[in-house]
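Structural overview
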Amino acid sequence: MIKKYIFGNPFPTDAVIKDIEKSEGKLPYFETDGKGSFTCELSENDVVYGLGEQVRGINKRGWEYIGWNYDNPNHQEDTRSLYGAHNFIIVQGEKTFGAFFDYAGKIVFDIGYTKRNIMNIRADKNDLAVYIIDGESEKDIVKQFRQIIGRSYIPPFWAFGYGQSRWGYKNEKDIKEVAEKYKSAGIPLDSIYLDIDYMERYKDFTVDKERFPDLEKLVRDMKNDGIHLVPIIDAGVRIEEGYDVYEEGVENNYFCKNADGENFVGAVWPGRVHFPDFLNPKTREWFGEKYSVLTKLGIDGFWNDMNEPAIFYTEDRLAETLEKIEELTSGNMGIDEYFTFTGMVAGLNGNKGDYDKFYHNVDGKMIKHSDVHNLYGMNMTRSAFEALQKIEPEKRTLFFSRSSYIGAHRYGGIWQGDNKSWWSHILQSMQQLPALNMSGFIFTGCDTGGFGNDTTEDLMLRWLQYSLFTPLFRNHSADGTREQELYQFDNVSSTAEMIKIRYSLIPYLYSEFLKAVLNDEMMFRPIAFDFPDDKNSQQTEDQLFVGNEIMIAPVYRQNALGRYVYLPEEMMLVRMRKYNDFETEILPAGHHYVNAGLDELVFFIRKGKAVPMCEPAENTANIDFNSIKLVGYSDSRYELYKDNGISPNPEESLEIISLS
Ligand code: GLC
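Residues numbered from 1 in each chain as written. Predicted model: local features only at pLDDT ≥ 70, side-chain atom pairs only at ≥ 80, totals over all residues. Heavy atoms only, no water.

What follows concerns the packing of aromatic side chains. For any pair of aromatic rings, the description consists of the separation of the ring centres together with the inter-plane angle of the planes. The tally for this structure, following the rule as stated, stands at 51 aromatic pairs. Relative to Phe385, the ring of Tyr153 has its centre 6.5 Å away and its plane inclined at 80 degrees; by these criteria the two rings are edge-to-face. Placement of the pair is Tyr153 in the loop between helix H1 (138–149) and strand E12 (162–164) and Phe385 in helix H10 (residues 376–391), with a sequence separation of 232 residues. We note that Tyr153, like Phe385, is buried. Ring plane angle 55 degrees and centroid distance 5.6 Å describe the contact between Phe385 and Tyr411, whose orientation is recorded as tilted. Here the residue Phe385 occupies a position in helix H10, and Tyr411 occupies one in the loop between strand E23 (404–405) and strand E24 (413–415), the gap between them amounting to 26 residues. The buried category is assigned to Phe385, whose relative accessible area is 19%. Given the relative accessible area of 6%, Tyr411 is considered buried. Three or more aromatic residues link up through ring pairs in this structure, and these residues are Phe205, Tyr254, Phe255, Phe278, Trp286, Phe287, Tyr291, Phe302, Tyr376 and Phe399. Lying across the ring of Trp63, Arg56 places its NZ or CZ 4.1 Å from the centre. (Phe/Tyr/Trp six-rings, centres within 6.5 Å; stacked < 30°, edge-to-face > 60°. Helix = DSSP H or I, 4+ residues; strand = E, 2+ residues; numbered from the N terminus. Buried < 20%, exposed > 50% of the residue type's maximum accessible area, 1.4 Å probe, protein only. Lys NZ or Arg CZ within 6 Å of the ring centre and 35° of its normal.)

In structure tokens form, the structure reads like this:
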């Protein structure tokens with residue numbers, strides 16, 4: 001049962017799309033102060049799940065998190081905000097309920113940070129809707145929530161293939177080299193990503209003709225080899241006379257304004273930019289239509305970036321900073337001056353004050369950006385998604401975004417942003433997945449191998465052994481870091497095998513993905529969600545169910561050749577070195593130490609179940625569903641969901657095949 005409570009005058013976020021009547025009664029579970037603050041006492045053993053893309057564990061108790069979309073490449077224990085705001089939690093324990101705080105501005109979730117047994121949620125203003133969900137179990141609460149926020153985005157089937165990306169591919173030659181080297185190493189590949197260097201001076205919807213003299217031909221040639229090119233689109237539009245996107249935006253008032261009605265100026269990769277006012281439907285329609293510049297060349301996938309929106313600096317803050325720095329550095333720079341100096345420089349990027357300086361035009365009313373900040377990225381992806389439905393009505397286009405709010409899950413996937421080549425970031429990605437699934441983000445994954453810093457071969461192998469289960473499976477890294485295409489490593493055959501195993505598992509992963517989306521369920525679940533009465537399951541923070549048959553327990557520690565695994569029930573351990581070389585062993589419920597050599601993928605099949613696996617193929621287009629064999633408990637069956645992988649409505653071509 002879902003109840004909706006309204007406080008003040010909330011901005012319509014479009015997160016919830018089902019009409020729910022407002023409840024007049026008192027908000028249950030929380031004490032409110034009438035100023036946007038909500039307090040709930042937690043019992044010692046209550047668990048708090050949710051908050052989507054956030055740091056720390058699956059159980060969110062013990063830290064303060066802030067819903068404020070932020071371009072933050074430091075995903076650390078002390079981080080409070082990342083790129084998305086997913087304000088949905090489930091409290092499980094003496095009382096079990098779900099709560100969604102539908103608020104587009106800054107909102108703090110103090111979950112036992114100030115006081116161990118107190119959860120305090122504070123919105124900047126008392127203008128929000130709170131939804132309270134009572135249900136039989138965590139899974140039931142999630143399902144009810146998902147039913148009111150609408151069906152999750154389904155990408156084309158090819159998006160389940162492996163993708164290679166790197167910020168640093170400069171021209172056509174670089175792209176061709178990646179394709180050729182993957183091919184000659186015998187590693188399957190479905191996509192190569194174009195980062196900002198394909199554009200002319202980082203201008204959206206332009207192609208640098210010197211670097212990419214004939215992108216249309218390149219797209220075609222690549223597609224003939226089964227590879228899709230996926231360009232990036234950034235939120236900021238470069239200010240440049242003669243650039244059509246800039247000029248049309250200025251002429252039609254499509255950009256965000258500052259208080260005196262001028263177009264607001266921030267700086268990002270292209271230098272000075274204006275930000276499209278994505279909250280204005282006319283802007284969305286106009287910007288979305290621009291994607292056709294690239295779809296006309298054969299492009300069928302995009303990643304939307306820098307859409308928190310990221311702001312490296314604003315000119316007035318930069319001027320103030322420079323002036324202050326001159327003052328600070330003119331005399332003897334002591335401790336106070338030094339810290340003020342470094343703090344001011346570091347504080348330029350994503351400065352909260354800059355988001356108070358611009359406005360959106362919503363039905364003729366000027367709305368301050370900081371009051372609706374968390375909706376910006378969602379509306380950028382919405383702009384693309386809705387336009388592409390008109391431009392390419394016959395097919396699905398791949399979209400994923402960096403920034404999001406609940407509701408964005410209907411328009412695209414998300415990736416987990418600029419992680420680092422750190423062992424701890426394997427676990428961090430994994431711990432975010434169930435929380436993201438709770439909020440409808442099913443098509444997701446992280447930068448495999450790590451984006452920032454230098455990766456190593458062993459880290460990459462372990463990372464692949466985890467990421468090969470995530471719907472979005474992309475190797476991406478930052479300019480200047482060690483190159484991490486799989487053919488860069490000595491032991492190419494081991495990494496190649498992991499990709500082949502991914503391709504063997506694609507029928508299963510796609511089928512479980514469809515089931516999760518079509519039935520409003522979670523593809524990635526904490527094991528406690530399936531074993532709610534088991535205390536050990538509740539304590540297990542580094543294992544997940546993937547669909548209904550598989551449990552993963554990846555190795556994420558440097559030099560570890562195994563790990564402890566907790567089995568809430570008997571399961572079949574599967575150990576694979578190659579896609580066609582596996583050993584299985586039945587293990588009883590309980591704690592086990594499981595060996596896992598660096599080149600070995602270890603995962604588990606649940607009792608009485610089996611998983612379909614096919615012959616790997618060089619890309620998804622060549623996957624042969626007739627080669628599927630069931631691996632797992634004998635006499636078990638599997639219900640395979642399959643569609644044509646491209647029609648916008650999967651139900652039109654959905655087949656449910658019973659395999660035994
Ligand atoms: C941002 C993105 C990253 C991209 C880079 C350059 O940091 O998160 O993925 O490579 O910008 O476009």
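Turning our attention to the site of the ligand. Near the ligand lie 13 residues; those nearest to it are Asp195, Asp305, Arg402, Asp418 and His476. Within the side chain of Arg402, a nitrogen or oxygen atom sits 2.9 Å from an oxygen atom of the ligand. Within the side chain of His476, one N or O atom sits 2.9 Å away from an oxygen atom of the ligand. Protein coverage of the free-state accessible area of the ligand, which is 310 Å², stands at 98%. Grouping the amino acids of the shell around the ligand by side-chain chemistry returns eight nonpolar, one polar and four charged. (Near = heavy atom within 4 Å. Polar contact = N/O pair within 3.5 Å; in protein donor to acceptor, adjacent residues only side chain to side chain. Areas by Shrake-Rupley, 256 points an atom, 1.4 Å probe, with all protein chains shown as cover. Nonpolar A, V, L, I, M, F, W, Y, C, P; charged D, E, K, R; others polar.)

Read from one edge to the other, the open sheet built from three strands follows the order E16-E20-E21, with strand pairing classed as antiparallel. Each of the sheet's edge strands pairs with one partner strand only, and the pair in question is strand E16 (257–258) and strand E21 (365–368). In the sheet, strand E20 (residues 358–362) pairs with E21 via four bridges, with the strands oriented antiparallel. Of the residues in E21, the one forming a bridge with His360 is Ile367. (Pairing = 2+ DSSP bridges.)

Take the nonpolar core next. If you look at the biggest cluster of nonpolar residues, it comprises 171 residues, and the most contacted ones within it are Leu229, Tyr291 and Phe469. With 16 residues, the single largest contributor to this core is helix H13 (residues 492–518). Filtering out sequence-adjacent residues up to four positions away, Tyr291 remains in contact with Phe205, Ile233, Phe302, Asn304, Met380, Ala384, Leu388 and Phe399. Counting residues in each nonpolar core, the second largest holds 29 residues, with Cys40, Trp63, Tyr65 and Phe97 among its members. (Core = buried A, V, L, I, M, F, W, Y, C linked by side-chain atoms within 4.5 Å. Contact = heavy atoms within 4.5 Å.)

Between Glu308 and the following residue, Pro309, the backbone shows a cis peptide bond with an omega angle of -5 degrees. Tracing the backbone through its elements, the reader meets Pro309 in the loop between strand E19 (301–305) and helix H7 (315–330). One non-glycine residue with positive phi stands out, namely Asp363, at about 50 degrees. Tracing the chain through its elements places Asp363 in the loop between E20 and E21. Judged by its relative accessible area of 78%, Asp363 is exposed. A positive phi angle is found at Asp635, which is not glycine, with a value near 65 degrees.

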